[in-house]
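Secondary and tertiary structure notes
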Amino acid sequence: MTNPYVPVLVLMAVAAVLALGGVAASAVIGPKRYNRAKLDAYECGIEPTPHATGGGRLPIKYYLVAMTFIVFDIEVVFLYPWAVDFTTLATFGLVAMLGFLALITVPFVYEWRRGGFDWV
Amino acid sequence: MIPDFTAPLIDWAALAPLLVVLGAGVVGVLVEAFVPDAVRRATQITLALAALAATVVLIVLRWGLIVGSDGAPGVSDVLVGGTVMVTPFALALQGTIVVLAFLGALVVADRTSSGQDAFAPTAAAVPGTSYEDLARRAGLQQTEVYPLLMFATGGMMLFVATDDLLMMFVALEVLSLPLYVLCATARRRRLLSQEAAAKYFLLGAFASALFIFGVALIYGFAGTVRLIGDEDKPGVIRRVLSGDAPLDGMTVLVVAGILLVLVGLLFKLGAVPFHAWTPDVYAGAPTPITGFMAACTKVAAVGALVKVLYTLVVGLPPEVGEQLRTVVIVVAILTMALGTVVGAVQTDIKRLLAYSSIAHAGFLLVAVAGINLESLRAVLFYMVAYGVATVGAFGVVTLVRERTVVPGRADGADGEDGVVLGEATHLSQWAGLGRRAPWLTAAFALFLLSMAGIPLTAGFVAKFGAFGAAVAGDLWWLAVVGVLASVVAVFFYVRVIVLMMFTPPAEEQLLAGAEARAQEAATGTGDEAEAAEASSGAEPAGGGVATETRTEVARTVVTVVGSRGPAAVAIAVCAVATLVLGVFPGPVLELAGEAIKFVP
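What you are looking at is a predicted structure, and each value in this text was computed from that prediction instead of being measured.

Conventions and cut-offs
- Residues numbered from 1 in each chain as written.
- Chains lettered and ligands numbered in written order.
- Predicted model: local features only at pLDDT ≥ 70, side-chain atom pairs only at ≥ 80, totals over all residues.
- Helix = DSSP H or I, 4+ residues; strand = E, 2+ residues; numbered from the N terminus.
- Buried ≥ 20, exposed ≤ 12 C-beta atoms within 10 Å, placed from the backbone.
- Contact = placed C-beta atoms within 7 Å.
- Nonpolar A, V, L, I, M, F, W, Y, C, P; charged D, E, K, R; others polar.
- Expected span 1.5 Å × (residues − 1).
- Core = buried A, V, L, I, M, F, W, Y, C linked by C-beta atoms within 7 Å.
- Pairing = 2+ DSSP bridges.
- Axes fitted to C-alpha atoms, helices over the stretch in contact; angles between N-to-C directions.
- Parallel < 35°, antiparallel > 145°, perpendicular 65-115°, else oblique.
- Left-handed = near helix turned anticlockwise from the far one by under 90°.
- pLDDT = per-residue confidence, 0-100.

Across its full length, chain A holds 4 helices and 0 strands. In sequence order, the secondary structure elements of chain A are arranged as α-α-α-α. Taken over 120 residues, chain A has a buried fraction of 1%.

Laid out in structure tokens, this is it:
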């Protein structure tokens, strides 16, 4: 019997070859016709432009969306394992999760009341 | 699937102190959401102070239960299946944290006679922009400070009272994240404040990462993150001693893990070589926050350090324990040396206090390195003595301000015109403070004397205890190093006292005559030249000319603003505590003695 970790190693090697090979192949044989839109940051937040001299305005919406995302992200992160072990955790788990959900609603309420969703 | 899950018993009454503080934080966030602007600040202050006061009462009640009457613990200290473990020692630390947080919150709440608190109207605005002016004129205020304070305090209370390394990490984050945000909220010197927050956050994140990496290594070795554990679930040391650890024999793994955990804790403590953030952050953060942070975080960090170190050094095989002890001794010596030597050449009062706090971390580690019960008692007393002196000293710093002088007035030293600006933190601006505000200066001098460890102040008893603990642990030479370091430290504390009490104020020196001034400027080394530069430091371009053409260019003078009450109360309480603990340390030492009965 071989070491049980050998298949994992093989899998890692295959993954590395696929990932690196794909990038390398497209770099070598892919067509290169760049334009402004293609060179822009892709799904990576605000436009990477320098600040206007003397400050200026900057779009705040990105940060608000990010904060809202964190609230629900954390919520879901804990909901999944709870759902898997729902039966075992029984009433204790249910009460604990309800408490957690109530607490995580607090920052959401804060954001809503302080105008975090009034964008227009 | 979890094989056999049994819900942990939760003793709500025992958790009450922690829950009240964290609950006040949550309610504070809701207050931010629903209470109208006009009464929001008052509501927040009331809520925060009431919660902290209630927590003190709850801790005192709990103390009676847990210490017991006839030498046996009244109630179990293991709560929630061991994730919370409130031993008398932990409870004493929690009490210290909450009392210091209460005093710190009083300083935070004070608006002073200038009518402004220490926090930016909107901390999110880019410094120096019109948006910032707009927010200031609209009278916006950042009352989120109070819930953040509550969360930080709650994190600290949990940090010292857990047997579970993972829970310790969670507590570390709960106490750190609010502090990072609070550091960025200073009303004045916005860029410096934001720089401080960024530095603190980045370095703190690294320290946290190292901490959790260490926990991972310990878990890999022992298969548990509990330190002591109980019969059903043995902790790290029992696994090691019984040879029951999954990776038994690879002791290097657990040593590496413990060292990484220590890095995370020593960072929070501000010990060399993990001290680099301290001066910048202490100087950049709003001064009331600096006071809170310097006092309470240090108590929490040293509490967690003692917990980890004492459990493991005593529990692990002797050779491993000795190695860990050597690490603490080396760090203690480095910390004392750097704190005192670099502190002696500082010219900014906040940076000076920051280096002083580094030096104090060193003295604390001297006590910790003793590894005996005497050490624990010394640590407890030291934390109280250092904490009140620190909160008080930073409280005084918040009241010593710069004020613009209206052009055309000759002097303005006694006038009430002009706008009160930020704190006058340059040491030369503190010259002659004793004449302007004798009581405030006396209190500040008292705090400095206590930090220096002069007899009849709390600091003396504290240092005596710390060095005594080292001697009791057969480290008499380390105690000698400690005494030498405190002698050097006395120099820079006394330097400030002499400056405040016996040196004439900068303005008088400036008026002393053009001839003398020219002479001083020519040599370039005189105090006057330095003072002239500093007192006009607020105008970047004005520089030295400000003194010559006083009638045309606005310049600033040092002024002492009056407290609206809270800060004055905090400073007075700290001063009285410093004196009383110095003259009659008995009762507190007795309490500390009771706290170490059932360690760890």
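Another point: the overall build of chain B. Counting its regular elements, chain B contains 24 helices and 5 strands. For chain B, with 600 residues in total, the buried portion stands at 55%. A separation of at least 24 residues holds for 76% of the contacts in chain B among residues at least 6 apart in sequence.

The next thing to look at is the interface of chain B and chain A. In this assembly, 15 residues from chain B lie in contact with 13 residues from chain A. Listing elements by their share of the side of chain B that touches chain A, those giving two or more residues are helix H1 (12-34) and helix H4 (130-137) of chain B. In terms of residue count, the dominant contributor to the side of chain B that touches chain A is H1 of chain B (6 residues). Of the residues in the side of chain B that touches chain A, the class split is 11 nonpolar, 3 polar and 1 charged.

So, about helix H12 (residues 318-343) of chain B. Residues and elements named next belong to chain B. In this model, H12 (26 residues) spans 37 Å end to end at C-alpha, consistent with the 38 Å of a helix rising 1.5 Å per residue. When H12 is considered as a whole, its buried residues turn out to be Leu324, Val328, Val331, Ala332, Thr335, Met336, Gly339, Thr340 and Gly343. Next to the buried residues of H12 lie helix H9 (251-269), helix H11 (287-315), helix H13 (349-369) and helix H18 (476-502).

What follows covers the nonpolar core. Cys183, Val366, Val379, Tyr382, Ala385 and Ala466 of chain B are the most contacted members of the largest nonpolar core, which has 204 residues in total. Not counting residues up to four positions away in its chain, the partners in contact with Val366 of chain B are Ala332, Ala466, Phe467, Ala470, Leu478, Ala479 and Gly482 of chain B.

Its location among the elements puts Gly115 of chain B in the loop between helix H3 (88-109) and H4. Owing to 9 C-beta atoms within 10 Å, Gly115 of chain B belongs among the exposed residues under this scheme.

Glancing now at unusual backbone geometry. All names here are of chain B. Val272 connects to Pro273 through a cis peptide bond whose omega is 5°. Secondary-structure assignment places Pro273 in the loop between H9 and helix H10 (277-284). For Thr112, which is not glycine, the phi dihedral falls at a positive 60°. The residue Thr112 is located in the loop between H3 and H4 in this model. The buried category is assigned to Thr112, around which 21 C-beta atoms lie within 10 Å. The phi angle at Asp474 is positive, at roughly 60°, despite the residue not being glycine. Along the polypeptide, Asp474 turns up in the loop between helix H17 (458-472) and H18.

Moving on, we come to the sheet that holds strand S5 (residues 555-560) of chain B. All names here are of chain B. Taken together, the 3 strands give an open sheet; going across it, the order is S4-S3-S5, and neighbouring strands pair in antiparallel fashion. Each edge of the sheet is formed by a strand with only one pairing partner; in this case those strands are strand S4 (420-423) and S5. Each strand of the sheet is rotated relative to its neighbour by a mean of 35°, with strand direction disregarded. In this sheet, S5 lies alongside strand S3 (residues 400-405) in antiparallel orientation, the contact comprising 6 bridges.

As for its position among the elements, Val480 of chain B is in helix H18. Residues Val480 of chain B and Phe467 of chain B lie 13 residues apart in sequence; the distance between their C-alpha atoms is 8.1 Å.

Turning our eyes to something else, we now look at the packing of helix H2 (residues 37-67) of chain B against H3 of chain B. Residue and element names in this part refer to chain B. The N-to-C vectors of H2 and H3 enclose an angle of 160°; their axes lie 10 Å apart at closest approach. Judged on the interaxial angle alone, H3 and H2 are roughly antiparallel. Crossing geometry of H2 relative to H3 is assigned as left-handed. Each of Ile45, Ala48, Leu49, Leu52, Ala53, Thr55, Val56, Ile59, Arg62, Trp63, Ile66 and Val67 in H2 lies in contact with H3, whose residues at this interface are Pro88, Leu91, Gln94, Gly95, Val98, Val99, Ala101, Phe102, Ala105 and Ala109. Looking at the contact of H2 with H3 residue by residue, the classes come out as 18 nonpolar, 3 polar and 1 charged.

So, about the confidence of the model for chain A. When the pLDDT values of chain A are averaged, the result is 84; 82% of them are 70 or greater. Averaged pLDDT values for the elements of chain A fall to 76 in helix H2 (residues 36-39) of chain A and rise to 93 in helix H1 (residues 6-29) of chain A.

Because each turn of an α-helix spans 3.6 residues, side chains separated by three or four positions end up pointing in the same direction. Here helix H7 (residues 190-222) of chain B is 33 residues long and its end C-alpha atoms lie 47 Å apart, about the 48 Å a rise of 1.5 Å per residue gives. Following H7 of chain B by one or two positions, Gly223 of chain B has its phi on the positive side, about 75°.

So, on to the packing of H3 of chain B against H11 of chain B. Residues and elements named next belong to chain B. Where H3 meets H11, the axes come as close as 8 Å, and the angle between the chain directions of the two elements is 175°. With respect to their mutual orientation, H3 and H11 come out roughly antiparallel. Contacts between H3 and H11 involve Ala90, Leu93, Thr96, Ile97, Leu100, Ala101, Gly104, Val107 and Val108 from the first element and Pro288, Ile289, Gly291, Phe292, Ala295, Cys296, Val299, Ala300 and Gly303 from the second. A per-class count over the contact of H3 with H11 returns 14 nonpolar, 4 polar and no charged.

Take the confidence of the model for chain B next. All names here are of chain B. Summarising the model, chain B shows a mean pLDDT of 84, and 87% of its residues fall at 70 or more. Per-element averaging of pLDDT across chain B places helix H22 (residues 545-548) at the bottom with 40 and helix H5 (residues 145-159) at the top with 96. Considering only residues more than four positions removed or in separate chains, one finds that residues 412-416, a stretch of pLDDT under 50, has 8 contacts. A low-confidence stretch, residues 524-553 stays under pLDDT 50, and its non-local contacts, those more than four residues away or across chains, total 46 contacts. As a predicted assembly, this complex carries a pTM of 0.86 together with an ipTM value of 0.80.

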